[in-house]
Amino acid sequence: MSLLQWFDYFGLVDTCYFCMLQQVIHKMIVSDILIDLEGELIQEWLQKYGPFDAVVDGANVGLVSMHTFSFYQLNSVVKQLRQMSPSKRLPLIILHKNRVTGGPAQHPNNKKLLEHWKNSGALYATPPGSNDDWYWLYAAVSCKCLLMTNDEMRDHLFQLLGTTFFPRWKEKHQIRLSVSQRGPTLHMPPPYSIVIQESEKGSWHVPTITGDDLETPRQWLCATRPKDTSL
C-alpha cells in the first residue's frame, strides 16, 4: 500500500486542527533558532522543497537496534519510503548538523549519500543547540504527511501539545521501525483507531494493552450481545 493510499484510507485529521497544531509547534520552536545551514527559515525551506509524502527522524532511525549511528540503515528506510511514495520522491530526512558533518558522516560513502540527499532537496540539517524533535514534527504537520520515527513522543515537551488531539494525530501518522537479520521493517499506522469501538451488529471491541512490541499483534476483547431467542 502506498503512502497516498494510507491517507485515502484514513482521511485527514480535521484541517482546523492541523492549522492549530502547526501554530503551536511553531511557537514552541521559534526560540530554537529556526534557521538551517543556508540561513533559511524552515518554513521557507519547506515551501521551496516540499511538500513531502513522509518525514524521517534521521537520528532515531539510524540508531534503532544499533550501538552506533548507521547511515546504511537510515538509507535502507529512506529507500523503502521512496518506493512507497506515489511520486517516487525521497522523503524529508531531518538530521542535526553534528550528524551531517561529524563522525560517520566523514566516511566517503556517507558523504556521497548526504550530498545526494542535499542536492535532491531531501535533507534538512537542524542548527547547533536546537531540538531536532520539533523540526521533524513541524515538517510532518506542515506537509500533512506520515512521520517515520520510533520516538513515542511522551516527554514533557510533547505533553504541551495536549492529550486529546495530538495522540490522535500521532496514531494516524506515525510509521514505526523494527530491525531483524532480514533488515528494517516498516510498521504503518493501524487501519483503525485503537479505542473501544462498536460494530454495526452491536458488538463491542476493546483493545487490550500489549506494550510496544511491534512483532506481537495487539489483542482485542470482543463482547457480543446474546441473541434474542424468545421470538
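Residues numbered from 1 in each chain as written. Predicted model: local features only at pLDDT ≥ 70, side-chain atom pairs only at ≥ 80, totals over all residues. Heavy atoms only, no water.

Draft legend 1. Quick look at the nonpolar core. Within the largest apolar cluster, 28 residues are counted, with the highest numbers of intra-cluster contacts made by Phe 71, Leu 74, Leu 95, Trp 117 and Met 148. For this core, the element with the highest residue contribution is helix 5 (residues 71-84), accounting for 6 residues. Once you skip the residues sitting within four places of it in the chain, Phe 71 turns out to touch Leu 95, Arg 99, Pro 104, Ala 105, Asn 110, Leu 113, Leu 114 and Trp 117. In terms of nonpolar packing, the next biggest core, distinct from the first, is built from 22 residues, Val 55, Val 141, Cys 145 and Met 153 among them. (Core = buried A, V, L, I, M, F, W, Y, C linked by side-chain atoms within 4.5 Å. Buried < 20%, exposed > 50% of the residue type's maximum accessible area, 1.4 Å probe, protein only. Helix = DSSP H or I, 4+ residues; strand = E, 2+ residues; numbered from the N terminus. Contact = heavy atoms within 4.5 Å.)

Draft legend 2. Looking closely at the sheet that holds strand 3 (residues 123-126). Sheet architecture is open: 6 strands sit in the order 3-2-1-4-5-6, paired in mixed fashion. Every interior strand has two partners, whereas the edge strands, strand 3 and strand 6 (183-187), have only one. The mean inter-strand angle of the sheet, taken between neighbouring strand axes irrespective of direction, is 25 degrees. Taken together, the 3 bridges between strand 1 (residues 54-57) and strand 4 (residues 146-148) define a ladder with parallel strand orientation. (Pairing = 2+ DSSP bridges. Axes fitted to C-alpha atoms, helices over the stretch in contact; angles between N-to-C directions.)

Draft legend 3. Region of interest: the side chain of Ser 178. With respect to the helices and strands, Ser 178 occurs in strand 5 (residues 174-180). Accessibility expressed as a relative area gives 12% for Ser 178, which makes it buried. A polar atom in the side chain of Ser 178 sits 2.7 Å from the side chain of His 187. (Polar contact = N/O pair within 3.5 Å; in protein donor to acceptor, adjacent residues only side chain to side chain.)

Just geometry here; none of it tells us what the structure is for.
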